[in-house]
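Architecture at a glance
Here is what each chain is made of, one letter per residue.
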Amino acid sequence: MSFNVSDIRKQFPILDTQIAGKTLVYFDNAATTQKPRVVLDALEDYYASSNANIHRGIHYLAEKATAAFEATRKSVQKFLNASSHEEIIFTYGTTDSINLVARTYGEAFLKAGDEILISNLEHHSNIVPWQMLCEKNGCVLKVIPIDDHGDLILEEFDKLLTEKTKFVSVVHVSNALGTINPVEYIIKKAHEVGAKVLIDGAQASSHIPVDVQALDADFYALSAHKLFGPTGTGILYGKKDLLLSMPPYRGGGEMIKEVTFEKTTYADLPYKFEAGTPNIADVIAFKSGLEFFDSLDKEALHAYEEELLQYATAQLKAVEGIRIIGEAKRKVSVVSFVMDGVHPQDIGILLDQQGIAVRTGHHCTQPLMQRFNIPGTVRASFAPYNTKEEIDALIAGLQKVRRFLL
Ligand SMILES: *Cc1c(COP(=O)(O)O)cnc(C)c1O
């Protein structure tokens, strides 16, 4: 276990990128994290020495690829502290995981008039699948409001939660504001009225420890690419009894036991939900991403990210005209802000010219931006390889923006 930023930086080749004579400052980690060398090597190694379709083959390569694929499932099980590898479903990412639950659990078990509770902090991927379900089966979507700091108003949640509530789907950590939600409380209260709970962990998984059994979450979704792994693969955790009760999602190869034209029987968990050839290479390389993350001293990492957050927040507040959006009581290292008189996109463009990558716009959370009456924000989101010097570069960049545009 170690936590040494310059050692960590050396593991990420992309951080050496030069832009207009400057070394890249990558502050767009909430959109996707960069990949350590071990992940790049795992991808290359898979195609160079293991490439084969998995599960059905009896030849050497097929068995090697299958073993590596299933080894990632075991790593994820350990990472989330799930009680069985059967509870870990590979998907294309958080969006796909949430759609899976809405389309299977939602269509099978939610009826007209049942209420689904989400929050004002949700990413579009935890809004739209539920709206689509409501249109189809007459469920009603309700929204937990937030206060001006970006915290959920728990008294309002308590009021919205009734016997009619059958499903609660909330984000663990807001990608736009960094708010850490009290999901333990939400899950406990929801279970008291008999509702099932899905937690969108896309943003939480790289910042705070996740233990699905301690949380008692019914479903937990995450994306590998936000956790130092490749794009195009993600996880749906589901409690075994729920997954067993749910109909399959997509039909095709891999997810069947036996097919006849009269009747098809489905495969056991987790394969029932994994139709077709999966994203084998990326799943295998995801294990290396998890190993990288595992190698970091978590206590030191959390302290370091907190230090970056506090430093950035203080430095940003000292710039004239800048207002932070989202100052929740508990936050991860994500900071969103606006500058008086300047459109976020213009800030993004001018920072890019200085080699600084931030995200601007609505961050796939348009209803959240509407809540604050703004078109969008500039968001800087920090990972273990970021430094205070990079934050200084951001601040200098913003001073330049002010001089240039105001
Ligand atoms: C990124 C993100 C998603 C969507 O993840 P995909 O990988 O694009 O499917 C959902 N929720 C949150 C909080 C996110 O940060």
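The structure displayed is predicted, hence computed values, not measured ones. (Residues numbered from 1 in each chain as written. Predicted model: local features only at pLDDT ≥ 70, side-chain atom pairs only at ≥ 80, totals over all residues. Heavy atoms only, no water.)

Mapped onto the elements of the fold, Gln203 is located in the loop between strand E8 (196–200) and helix H8 (212–215). In this structure Gln203 comes out as buried when scored by relative accessible area, which is 3%. For the pair formed by Gln203 and Gly178, sequence separation is 25 residues and the distance between their alpha carbons is 8.4 Å. Residue contacts for Gln203: discarding those within four places in its chain leaves Ala30, Val173, Ser174, Asn175 and Lys226. Within the structure, Gln203 has its side chain in polar contact with the backbone oxygen of Ala30 (distance 3.2 Å). (Helix = DSSP H or I, 4+ residues; strand = E, 2+ residues; numbered from the N terminus. Buried < 20%, exposed > 50% of the residue type's maximum accessible area, 1.4 Å probe, protein only. Contact = heavy atoms within 4.5 Å. Polar contact = N/O pair within 3.5 Å; in protein donor to acceptor, adjacent residues only side chain to side chain.)

For the chain, the assigned domains are domain 1 (5–30 + 296–405) and domain 2 (41–294). Relative to domain 2, the C-alpha centre of domain 1 lies at a distance of 28 Å. Counting from both sides, the interface comprises 34 residues of domain 1 and, opposite them, 31 residues of domain 2. Summed over both partners, the interface of domain 1 with domain 2 buries about 2700 Å², with 57% contributed by carbon and sulfur atoms. The largest per-residue losses of area from domain 1 upon contact with domain 2 belong to Arg330, Val332 and Arg371, which jointly make up 21% of the total buried on that side. Inspection of the domain 1/domain 2 interface yields two salt bridges. The salt bridge involving Lys329 is made with Asp151; its shortest N-O contact spans 3.6 Å. Taken together, the connections running from domain 1 to domain 2 amount to 23 residue pairs in polar contact (both at pLDDT 80 or more). For the side of domain 1 that touches domain 2, the secondary-structure elements that each account for two or more residues are helix H11 (298–317), strand E14 (334–339) and helix H13 (366–371). With five residues, the top contributor of residues to the side of domain 1 that touches domain 2 is H13. Of the residues assigned to the side of domain 1 that touches domain 2, the class counts are 17 nonpolar, nine polar and eight charged. (Domains from an automatic or database assignment. Buried area = accessible area lost by both parts, 1.4 Å probe. Salt bridge = Lys/Arg side-chain N within 4 Å of Asp/Glu carboxyl O. Nonpolar A, V, L, I, M, F, W, Y, C, P; charged D, E, K, R; others polar.)

Further remarks concern the pattern of salt bridges. This model, assessed by the stated rule, comprises 25 salt bridges. A salt bridge links Lys159 to Glu156, with the shortest nitrogen-to-oxygen separation between them at 3.3 Å. Highlighted residues: Lys159 and Glu156, both in helix H6 (residues 154–160), separated by three residues, approximately one helical turn. Among the residues examined, Lys159 registers a relative accessible area of 59% and is labelled exposed.

Attention shifts here to the sheet that holds strand E16 (residues 359–361). Ordered in space as E13-E14-E17-E16, the four strands form an open sheet in which the pairing is antiparallel. On the outer flanks of this sheet lie strand E13 (322–325) and E16, each paired with one strand and no other. Pairs of neighbouring strands in the sheet enclose a mean axial angle of 30°, with direction left out of account. Bridge count between E16 and strand E17 (residues 377–381): three bridges; the pairing is antiparallel. Each residue of the ladder has a partner; that of Arg359, found in E17, is Arg379. (Pairing = 2+ DSSP bridges. Axes fitted to C-alpha atoms, helices over the stretch in contact; angles between N-to-C directions.)

Okay, the sheet that holds strand E9 (residues 219–223) next. The mixed open sheet is built from seven strands, whose spatial order is E4-E10-E9-E8-E7-E5-E6. A single partner strand is all that each edge strand has here, and the edge strands are strand E4 (88–91) and strand E6 (140–144). On average, each strand axis in the sheet is tilted by 20° relative to the strand beside it, whichever way the strands run. Relative to E9, E8 is paired through three bridges, and the arrangement is parallel. Looking at the pairing, Asp200 lines up with Ala221 of E9.

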